[in-house]
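Reading the structure
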Amino acid sequence: MRFSIAVIPLVLFAALAGVFLLNIDKDASVVPSVLIDKPAPEFSLPPLPGRDKGLSRADLTKGEVSVLNVFASWCVPCRAEHPLIKRLSREAAVPVYGLNYKEKDPEDGVKWLAELGDPYAAVGMDLSGRTGIDFGVYGVPETFIIDGTGQIRYKHVGPVTVEVLEKVLLPKIAELKG
């Protein structure tokens, strides 16, 4: 009896160690999404204060590849990736849309873009986070590549880095543009 009680923790430890070893070289920023190759959810978001145009699913179904970047002014990694989102907007030659996620004050998003620059073709305010939930957002920042029919083709979780931009996002966009 004592032998089996002593063996159980060792077996559990060995099983957990095996699971960790199998996943040790996997990229943590790659989070499987059930929405890949599925239509982007229906949504219609109001614009930032002082702007005329918000953002809706119709913007993502205009027949061209587009990028949807989920950001917030309170998000430190969003600030770090923002220069790369501006670069993505210039180099990819596709519309980059912003989903301003759960701002406490809508003016915070306006001030943030005024300070850092605005790479977005349009920005929708998702104050409740409902649209983010529909997109399966785990946290900000997240970036989606969407084809011209509105199908989500790629999702990046976490801040865009130079490596992600150059080795993943730009090639994926070029591939989808054909």
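Residues numbered from 1 in each chain as written. Predicted model: local features only at pLDDT ≥ 70, side-chain atom pairs only at ≥ 80, totals over all residues. Heavy atoms only, no water.

Describing the state of the cysteines
Throughout the structure, instances matching the rule amount to 1 disulfide. Note that Cys75 is cross-linked by a disulfide to Cys78, the S-S spacing being 2.3 Å. In this structure the cystine formed by Cys75 and Cys78 twists about its S-S bond by roughly 85 degrees; its chirality is therefore right-handed. (Disulfide = S-S within 2.5 Å.)

Topic: the packing of aromatic side chains
Summed over all chains, the structure comprises 4 aromatic pairs. Ring centres of Phe71 and Tyr120 lie 5.0 Å apart, and the angle between their planes is 10 degrees; on these two criteria the pair is classed as stacked. Residue Phe71 is located in strand S4 (residues 66–71), and its partner Tyr120 is located in the loop between helix H3 (106–116) and strand S6 (122–126); the two are separated by 49 residues in the primary sequence. Of the two residues examined, Phe71 and Tyr120, each falls in the buried class. (Phe/Tyr/Trp six-rings, centres within 6.5 Å; stacked < 30°, edge-to-face > 60°. Helix = DSSP H or I, 4+ residues; strand = E, 2+ residues; numbered from the N terminus. Buried < 20%, exposed > 50% of the residue type's maximum accessible area, 1.4 Å probe, protein only.)

Some words on the nonpolar core
Counting 44 residues, the largest nonpolar core has Leu68, Leu88, Phe135, Phe144 and Ile173 as the members making the most contacts within it. Residues in contact with Phe135, not counting those within four places in the same chain, are Leu35, Ala40, Pro41, Phe43, Leu60, Leu68, Phe144, Ile152 and Lys155. (Core = buried A, V, L, I, M, F, W, Y, C linked by side-chain atoms within 4.5 Å. Contact = heavy atoms within 4.5 Å.)

Quick word on the pattern of salt bridges
Counted by the stated rule, this structure contains 12 salt bridges. Note that Glu142 and Lys155 form a salt bridge whose closest N and O atoms lie 3.4 Å from each other. Taken together, the residues span a long stretch of sequence, with Glu142 in strand S7 (residues 142–146) and Lys155 in strand S8 (residues 151–157) at a distance of 13 residues. Neither residue differs from the other here; Glu142 and Lys155 are each classed as buried. (Salt bridge = Lys/Arg side-chain N within 4 Å of Asp/Glu carboxyl O.)

Brief notes about the pairing of strand S5 (residues 96–101)
For S5, the buried fraction is high: 6 of the 6 residues fall into the buried class. The two faces of S5 match: Val96, Gly98 and Asn100 on one face and Tyr97, Leu99 and Tyr101 on the other face are all buried. The pairing of S4 with S5 spans 5 bridges and is parallel. By the bridge assignment, Asn69 is partnered in S5 with Gly98. As a crossover connection, the stretch from S4 through helix H2 (residues 76–92) into S5 is right-handed. Sheet analysis places S5 next to S6, joined by 5 bridges and oriented parallel. In the strand pairing of S6, Tyr101 is matched with Asp126. (Pairing = 2+ DSSP bridges. Right-handed = clockwise from strand over helix to strand, strands pointing away.)

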